[in-house]
Amino acid sequence: MDSQPRIGIVGATGAVGTITLRLLAERGYEHVRAFASARSAGTALPYGDRSLVVEEATLEALGAGDVDLFLFSVGTSASRELVPVAAGAGALCVDKSSAYRLVDGYPLVVPEVNGRRALEALERDGIVANPNCCTIPLTCVLKPLHDEAGLGRVRVSTYQSVSGAGAQRMDALAREAPVEHDLVMDWAWEGDESDEESKLRAETRKILELPDLPISATCVRVPVMVGHSEAVWVELERRLTPEDAAELLREAPSVRVLDLPSFPTPAAAADIDDVLVGRIRRDTAAENGLALYLSSDNLRKGAALNAIQIAELLLDSVAAARA
Ligand SMILES: NC(=O)c1ccc[n+]([C@@H]2O[C@H](COP(=O)([O-])OP(=O)(O)OC[C@H]3O[C@@H](n4cnc5c(N)ncnc54)[C@H](OP(=O)(O)O)[C@@H]3O)[C@@H](O)[C@H]2O)c1
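As the structure is a prediction and not an experimental result, all values here were calculated from the model.

> Please give an account of the nonpolar core that cites residues and values.
In terms of nonpolar packing, the biggest core is built from 58 residues, with Leu 62 and Phe 70 touching the most fellow members. It is helix 5 (residues 135-149) that contributes the most residues to this core, seven residues altogether. Among all residues touching Leu 62, those that are not within four sequence positions of it are Val 10, Phe 35, Ala 57, Phe 70, Phe 72, Leu 82, Val 85, Ala 86 and Ala 89.

Encoded structure:
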């Protein structure tokens, strides 16, 4: 009997959904359906060597109970409406919006960092939240440093590509003349911080299970199509040399260390799974301080790939329980 899961991609026409379909096809999943809003229902999307006709993501379709797993990459308000219906019909749901990330009881998961937390969803309603596209690579790098030397304080400055803001912004950048390119802060303001900056802090604390970790960020959008970069300054509780930090990170899953004269760039990170880390050096402005720089593909590890990895943890666990 065919034991492959029946998978629904909601938001399949978007920046993240497009990559999700590509990764699922590469992984050999056969039973995949594409959902989006009424705007794009009926259009065709490539899936491996065939195509999928986009279905409208109505409450009836998502609540029909004929899908084992939904991967959601729609906006937060659409997720709040649709995810409970899909989960209520028995499907596992991985949601990439911010609807569930910081809600108590919902696992917020980076598999390499806190993968075991995903399985808690199986005891609840089957919903797991996928973190923000800057939080994911940051926690992949912070976790090994914390385990070895204890995180005391973290400061981050981000350089985020326009694909982080969705497919329409990618089209707009493609049409823009180079002379019009600018660096912007295009998030909502919460007092003197953007909501992207506060998300980065709150999500990092939740994933690392360090609720009081001092962490501050300045988030900036740059005129790059794909690939987010982050300059990171960490203060550690115990001394760790840059050489030892580099060795730890070389051993870390989904992290690739680059040594000078190489350094991470969005172009080098685009279309690969690993988080690139380099410029690992002493931060001369802090005791036990390290500075480093990372780049990762925000549409892959920052979104689609991380969600598929979460889904595979859930599906493996369900299959093992049935065996
Ligand atoms: N881009 C990233 O790097 C990234 C990373 C992590 C998380 N995320 C999160 O992932 C989500 C999607 O981001 P994106 O960048 O892929 O956005 P996007 O390119 O704007 O795509 C949005 C998708 O959602 C669909 N959609 C919108 N409203 C809908 C509704 N009411 N019902 C069903 N489908 C609806 C759109 O379908 P139509 O074609 O029909 O409009 C489209 O497929 C957001 O919550 C975002 O915060 C994005």
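Next comes the rest of the description.
> Describe unusual backbone geometry, naming the residues involved and giving the relevant values.
Pro 261 follows Leu 260 through a cis peptide bond whose omega is 15°. Here Pro 261 is to be found in the loop between strand 14 (255-257) and helix 9 (266-269). With a phi angle near 65°, Ser 254 is a residue other than glycine that sits in the positive phi range. As for its placement among the helices and strands, Ser 254 is situated in the loop between helix 8 (242-251) and strand 14.

> If you had to explain the pairing of strand 1 (residues 7-10) to someone new, which residues and values would you point to?
Judged by which residues are buried, strand 1 turns out to be covered on both faces: Ile 7 and Ile 9 on one side and Gly 8 and Val 10 on the other are all buried. In this structure, strand 1 lies alongside strand 6 (residues 69-72), joined through four bridges in parallel fashion. When the sheet's bridge partners are listed, Val 10 is paired in strand 6 with Phe 72. Both strand 1 and strand 2 (residues 32-36) contribute to a ladder of four bridges, which runs parallel. Along strand 2, the bridge assignment pairs Val 10 with Phe 35. Taken together, strand 1, helix 1 (residues 15-26) and strand 2 form a β-α-β motif whose crossover is right-handed.

Procedures and definitions
- Residues numbered from 1 in each chain as written.
- Predicted model: local features only at pLDDT ≥ 70, side-chain atom pairs only at ≥ 80, totals over all residues.
- Heavy atoms only, no water.
- Core = buried A, V, L, I, M, F, W, Y, C linked by side-chain atoms within 4.5 Å.
- Buried < 20%, exposed > 50% of the residue type's maximum accessible area, 1.4 Å probe, protein only.
- Helix = DSSP H or I, 4+ residues; strand = E, 2+ residues; numbered from the N terminus.
- Contact = heavy atoms within 4.5 Å.
- Pairing = 2+ DSSP bridges.
- Right-handed = clockwise from strand over helix to strand, strands pointing away.

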